[in-house]
Amino acid sequence: VAIPDATTPRGTPEKFAITGIGNMVSVKGWDYLIEAYADLLKDHPNAELTIVGQVFPGYFFDLYGVAEKCGVADRVRFLTETENIGKVYAESDVIV
């Protein structure tokens, strides 16, 4: 896997990719990330949020409910599995 130079610009004017990687369990605080993302969109409407990780029973619906409550359910992408985690990292501007 090629690791890009840290000085290489990652974002484009069209998007700023925020990625959270880890199991989707309540102790991880993904609900706080979604709430923060909703606030961030007010000043940075080009931001995108992707959360990648194994989903535990029931918690996905809690997270989706938070996204709906914050008005960003159509903007948050949940990935429960990926073929190429390196690509996910490479396409991210910020990793949480």
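A quick note: this is a predicted structure, and the numbers were derived from the prediction, not measured. (Residues numbered from 1 in each chain as written. Predicted model: local features only at pLDDT ≥ 70, side-chain atom pairs only at ≥ 80, totals over all residues. Heavy atoms only, no water.)

**Some thoughts on the confidence of the model for the chain**
(1) Moving on: When pLDDT is averaged along the chain, the result is 85; 86% of the residues meet or exceed 70.
(2) Moving on: Put simply, helix 3 (residues 85–90) is where the chain has its lowest mean pLDDT, 87, and helix 1 (residues 30–43) is where it has its highest, 95.
(3) Moving on: A low-confidence stretch, residues 1–8 (pLDDT under 50), is modelled with one contact involving residues beyond four sequence positions or located in other chains. (pLDDT = per-residue confidence, 0-100. Helix = DSSP H or I, 4+ residues; strand = E, 2+ residues; numbered from the N terminus. Contact = heavy atoms within 4.5 Å.)

**Quick look at the packing of aromatic side chains**
(1) Moving on: Under the criterion given, the structure shown has three aromatic pairs.
(2) Moving on: Measuring from centroid to centroid gives 5.6 Å for Phe60 and Phe61, while their planes differ by 75°, and the two rings are edge-to-face.
(3) Moving on: By relative accessible area, Phe60 is classed as partly exposed at 25%.
(4) Moving on: Relative to Phe78, the ring of Phe60 lies with its centre 5.0 Å away and its plane at 80°, an arrangement referred to as edge-to-face. Of this pair, Phe60 sits in helix 2 (residues 59–69) while Phe78 sits in strand 3 (residues 76–79), placing them 18 residues apart in sequence.
(5) Moving on: Relative accessible area serves as the criterion here: at 17%, Phe78 is assigned to the buried category.
(6) Moving on: An aromatic cluster is defined as three or more aromatic residues linked by ring pairs; in this entry it consists of Phe60, Phe61, Tyr64 and Phe78. (Phe/Tyr/Trp six-rings, centres within 6.5 Å; stacked < 30°, edge-to-face > 60°. Buried < 20%, exposed > 50% of the residue type's maximum accessible area, 1.4 Å probe, protein only.)

**As for the pattern of salt bridges**
(1) Moving on: Evaluation of the coordinates by the stated rule reveals three salt bridges.
(2) Moving on: Between Lys42 and Asp39 there is a salt bridge, and its shortest N-O distance comes to 3.2 Å. In this pair, Lys42 and Asp39 both sit in helix 1, three residues apart, roughly one turn of the helix. (Salt bridge = Lys/Arg side-chain N within 4 Å of Asp/Glu carboxyl O.)

**Brief notes about the environment of Phe16**
(1) Moving on: Among the structural elements, Phe16 can be located in strand 1 (residues 16–21).
(2) Moving on: Separated by 30 residues in sequence, Phe16 and Asn46 place their C-alpha atoms 5.9 Å apart.

**Re helix 2**
(1) Moving on: For helix 2, every residue scored as buried is listed here: Tyr59, Leu63, Val66 and Ala67. Take helix 2 and look down its axis: the buried residues cluster within an arc of 100°, on one side only. Structural note: helix 2 exposes Phe61 and Lys69 on the side pointing more than 90 degrees away from its buried face.
(2) Moving on: The inward-facing, buried residues of helix 2 abut helix 1 and strand 3.
(3) Moving on: Immediately downstream of helix 2, the backbone of Gly71 shows phi near 80°, a positive value. (Arc of directions from axis to C-beta.)

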